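If you want the building blocks of each chain, they are given just below.
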Amino acid sequence: VKAFMYHDIRDLNNTYFKTRLKSKSFLNIRQFQNQLKYIKQNYIVINPIDLLNITDFNKNYAILTFDDGLLDHYNITSILLDHKITGTFFIPSNAVKDRVVIKSHKIQFILSVANEKEIVKKIFKELNIKNQEQIWNAYSISKWKNNWWSKEMVFVTNILRNHKLGSIITDKLFKELITNDEYEFSSELYLSEKHLKEMNQYGMKIGGHGHISEALPNLDQEIDIFKSFEYIKQFTNSNLTFSYPNGLYNNKTLDIMKKYNCNFGFTTKIDNITQNTDLLQIPRYDAPQTLPL
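Residues numbered from 1 in each chain as written. Predicted model: local features only at pLDDT ≥ 70, side-chain atom pairs only at ≥ 80, totals over all residues. Heavy atoms only, no water.

Some thoughts on the pairing of strand β3 (residues 61-66)
At step 1: The element β3 is largely enclosed, with a buried count of 6 among its 6 residues.
At step 2: Residues Y61, I63 and T65 of β3 are buried on one face, and the alternating residues A62, L64 and F66, pointing to the opposite face, are buried as well.
At step 3: Sheet analysis places strand β1 (residues 2-6) next to β3, joined by 5 bridges and oriented parallel. In the sheet register, M5 faces β3, and the bridge partner there is T65.
At step 4: Here 2 bridges tie strand β2 (residues 44-45) to β3, and the two strands are oriented parallel to one another. In the strand pairing of β3, I44 is matched with Y61.
At step 5: Sheet topology note: the β3/strand β4 (residues 88-91) ladder contains 2 bridges and is parallel. Paired with F66 across the two strands is F89, which belongs to β4. (Buried < 20%, exposed > 50% of the residue type's maximum accessible area, 1.4 Å probe, protein only. Helix = DSSP H or I, 4+ residues; strand = E, 2+ residues; numbered from the N terminus. Pairing = 2+ DSSP bridges.)

Rendered as structure tokens:
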């Protein structure tokens, strides 16, 4: 059994930020359709709830998941329906409810419009510190074995995500380089409540992706997870499902998931799902990097 993870799915002519979509995790519509054809030929597509009833985990079952609550996911729902396939869509509640851009996306857009070395200079200027080499060494190391990013991309992403001033600097750079109208920008990027209700009626599963969709161990986890579940309950009539933002969680996260009776938690660990898999720590493959295009 395999779970596959998707993010942006759109044609390049439908975006003003084409550089952002050159990442290996993004697909155009033709590539997505090709992958669905391959999945249908080689797998039986199931939903997370079906994991409770599987007796043979060696069979080719597949679960399709979609992170970040993107408007792209509504636009490809008709393709899924044409193939008689359903997916699980993980929603960052603050982005959909209050129309703000989550930090990970702000960072991606910042990197897509400016020279990476210039962004590093801007960050160091904002930090106003003397020992730049120590900071560079601490934040320019990728945790991914098969990392293909430049050192600058790794540094910018890590420091803006994890440094205590990261959010302030991210917001400043986003306003400077992207837009002052975050509400309008967000409305064109994320799903709406109307979309979610319609997708649920079509049989798509709606899950949580955190409230502000940042690494849970860095937050007051209980508050963030509570807000996420309270919001998505209006769009789902099935078991609670969650995808850990940035793939990061800890034992406290798992305890909170149990407290709120979450049934399925999806990670970014790369592995198959077996009969011994903890259903709050389900591994996933990045579909664009795993399946043929």
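And the narrative resumes.
Regarding the nonpolar core
At step 1: Judged by nonpolar contacts, the single largest core of 41 residues is most densely connected at F4, Y6, F32, L64, F66 and L80.
At step 2: Elements with a minimum of two residues in this core: β1, α1 (29-42), β3, α3 (77-82), β4, α11 (193-201), α12 (221-232) and α13 (251-259).
At step 3: The greatest single-element share of this core, amounting to 4 residues, is contributed by α12.
At step 4: If we ignore the near neighbours within four places in the chain, the residues touching F32 are Y6, I9, L27, F66, I76, I79 and L80.
At step 5: Among the nonpolar cores identified, the runner-up in size contains 29 residues, and L70, L111, Y139 and F185 belong to it. (Core = buried A, V, L, I, M, F, W, Y, C linked by side-chain atoms within 4.5 Å. Contact = heavy atoms within 4.5 Å.)

None of this, on its own, says anything about what the molecule does.
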